[in-house]
Amino acid sequence: MDTHDRKLFAQSLRQASEQHTGAALDAALDDLGWSDALAGDARDAVCLLFELQGAGNVTSSALQSVLAQALGVGPGVGVVLPPLGKWHSPGVLAGEQLLVQGLAMGALTGGLAVVWESKEPMVAVVPADDLNLRSLSGIDPALGLVHVTANLPLHAFSPAPANWPAAIATGRVALAYELIGACRSMLSLAREHALQRVQFGRPISGFQAVRHRLADSLLAIEAAQACADAAWDEPGTMGATVAKAVAGTTARTVGKHAQQVLGGMGYTTDHPLHQYVRRVLVLDQLLGAGSVLTREIGAELLRTRDVPEMLPL
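Rules and cut-offs
- Residues numbered from 1 in each chain as written.
- Predicted model: local features only at pLDDT ≥ 70, side-chain atom pairs only at ≥ 80, totals over all residues.
- Heavy atoms only, no water.
- Helix = DSSP H or I, 4+ residues; strand = E, 2+ residues; numbered from the N terminus.
- Rg over C-alpha atoms; globule rule 2.2 N^0.38 Å.
- Buried < 20%, exposed > 50% of the residue type's maximum accessible area, 1.4 Å probe, protein only.
- Areas by Shrake-Rupley, 256 points an atom, 1.4 Å probe, with all protein chains shown as cover.
- Lys, Arg positive; Asp, Glu negative; His and termini not counted.
- Charge placed at Lys NZ, Arg CZ, Asp CG, Glu CD.
- Phe/Tyr/Trp six-rings, centres within 6.5 Å; stacked < 30°, edge-to-face > 60°.
- Core = buried A, V, L, I, M, F, W, Y, C linked by side-chain atoms within 4.5 Å.
- Contact = heavy atoms within 4.5 Å.
- Salt bridge = Lys/Arg side-chain N within 4 Å of Asp/Glu carboxyl O.
- Axes fitted to C-alpha atoms, helices over the stretch in contact; angles between N-to-C directions.
- Parallel < 35°, antiparallel > 145°, perpendicular 65-115°, else oblique.
- Left-handed = near helix turned anticlockwise from the far one by under 90°.
- Nonpolar A, V, L, I, M, F, W, Y, C, P; charged D, E, K, R; others polar.

> Sorry if this is basic, but what is going on with the overall build of the protein chain here?
The helix and strand inventory of the protein chain stands at ten helices and ten strands. Relative to a compact globule of 313 residues, whose C-alpha radius of gyration would be 20 Å, the protein chain shows 20 Å and is just as compact. The C-alpha extent of the protein chain, read off along each of the three principal axes, is 75 × 50 × 40 Å. A burial count over the protein chain gives 48% of its 313 residues as buried. Accessible area of the protein chain: about 15,300 Å², with a carbon and sulfur share of 54%. Of the side-chain charges in the protein chain, 22 are positive and 29 negative, and the distance between the mean point of each set is 12 Å.

Right under this line is the structure:
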């Protein structure tokens, strides 16, 4: 889309994310034609929506749609996500049975695509009614995660080949932008507090220790943004893994600094910071936590002896 269309699309997505969350946001995205935008211009559709979701602390089933698009299973179908902290396919073959254990989010009224490993990754669309769905609360119940389990006979559906690594890579980039959006909101909350909170006769924003925490947070966010943008410029699993790892690590760093700047206020549920901290702790775990992916990146570099070029800064 051109610059004018992108600006209008971004404004529409911003209004939708400010007014809705969950199923209502899914409906608003359908009205805006976000799925069509995903098919026609995936970069703008993903970057704009997921950063707004992170910034507004809202949720939708868009991540499942992103993976479905990458798997080629068609519109209107979600994808069963791996369990938290994992990125392997959520299906496992056991004889003539397919054992499913994973996650989903958002409205689950239609079909869900299940991926499993045989000689190569395979995918099949399974009616949601054939799966056992259980809502999860955990540290961030507002995210709307659902635990998905099933024991399905293989003869009940027709599988097709699937590029699971490519789907995971696309999902990681989307989550990186959502984490970046949440980081920017946490930094904004800390900055506003620092400007308003007065100690010893002046705002704490004038104290060097506070300024350093805010500056370190901004630097980390901009580095994460550069990695996420580079994942589009240089497509591949390595770039996506780096983007997700850096964004996850950045989210924890920014959350820590924001908490320190806010002091006791940041521990209360009266202040919105806790909502973002809860959200990034879960998002970091989806499709692989930053700490784990960092070790995976190191192991891959040692295995291949191929160091990627540094990002242009």
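> Just to check I follow, could you spell out the environment of His 155 for this structure?
By secondary structure assignment, the location of His 155 is in the loop between strand S7 (145-153) and strand S8 (160-161). In this structure His 155 comes out as exposed when scored by relative accessible area, which is 73%. Placed 121 residues apart in sequence, His 155 and Trp 34 show a C-alpha to C-alpha distance of 34 Å.

> Explain the packing of aromatic side chains here, please?
Centre distance and the angle of the planes are the two values used to describe a pair of aromatic rings. In this structure the tally under the stated criterion is two aromatic pairs. For the ring pair Trp 116 and Phe 157, a centre distance of 5.8 Å and an interplane angle of 65° mean the geometry is edge-to-face. Residue Trp 116 is found in strand S4 (residues 111-117), and its partner Phe 157 is found in the loop between S7 and S8; the two are separated by 41 residues along the sequence. The pair formed by Trp 116 and Phe 157 is uniform in burial state, with each residue classed as buried.

> Can you help me understand the nonpolar core in this one?
Nonpolar side chains in soluble globular proteins tend to end up buried together. Of all hydrophobic cores here, the largest spans 77 residues; its most connected members are Trp 34, Phe 50 and Leu 71. Of all the elements, helix H6 (residues 164-196) adds the most residues to this core, at 18 residues. With residues up to four places along the chain from it excluded, the contact list for Phe 50 reads Trp 34, Ala 62, Leu 63, Val 66, Ala 174, Tyr 177 and Glu 178. Counting residues in each nonpolar core, the second largest holds 15 residues, with Val 100, Leu 112, Val 126 and Ala 150 among its members.

> In this structure, what is going on with the pattern of salt bridges? I would like to understand it.
Note that side chains of opposite charge can pair when their charged atoms are close. Summed over the entire model, instances satisfying the criterion amount to six salt bridges. The shortest N-O distance in the salt bridge between Arg 43 and Asp 233 comes to 2.9 Å. Here Asp 233 lies in helix H7 (residues 208-233) and Arg 43 lies in helix H4 (residues 42-56), a separation of 190 residues in the sequence. The partner of Arg 252 in a salt bridge is Asp 284, and the shortest N-O contact between them spans 2.8 Å. In this pair, Arg 252 sits in helix H8 (residues 237-262) while Asp 284 sits in helix H9 (residues 273-285), placing the two residues 32 residues apart along the sequence. Since its relative accessible area comes to 2%, Asp 284 is described here as buried. Put simply, Glu 51, Arg 184 and Glu 222 are held in one network by salt bridges that share partners.

> For this particular structure, what's the right way to read unusual backbone geometry?
Where the residue is not glycine, phi is negative for most of them; where a peptide bond is considered, it is trans in most cases. Positive phi, normally seen in glycine, also occurs at Phe 200, with a value near 55°. Within the secondary structure layout, Phe 200 lies in the loop between strand S9 (198-199) and strand S10 (202-203). In the Ramachandran plot, Leu 287 falls in the positive-phi region, its phi being about 60° despite a non-glycine side chain. By the element assignment, Leu 287 lies in the loop between H9 and helix H10 (290-304). Taking relative accessible area as the criterion, Leu 287 reaches 1% and is therefore assigned buried.

> Is there a simple way to think about the packing of H7 against H8 in this case?
When two helices pack together, their arrangement is captured by the angle between the axes and the distance separating the axes. Contact geometry for H7 and H8: axes closest at 9 Å, N-to-C directions at 165°. The orientation of H7 with respect to H8, classified from their angle, is roughly antiparallel. Judged by the sense of rotation from one axis to the other, the crossing of H7 with H8 is left-handed. Contact residues: Val 210, Arg 213, Leu 214, Asp 216, Ser 217, Ala 220, Ile 221, Ala 224, Cys 227, Ala 228 and Ala 231 in H7; Gly 239, Ala 240, Val 242, Ala 243, Val 246, Ala 247, Thr 250, Val 254, His 257, Gln 260 and Val 261 in H8. A breakdown of the residues in the contact of H7 with H8 according to their chemical character gives 15 nonpolar, five polar and two charged.

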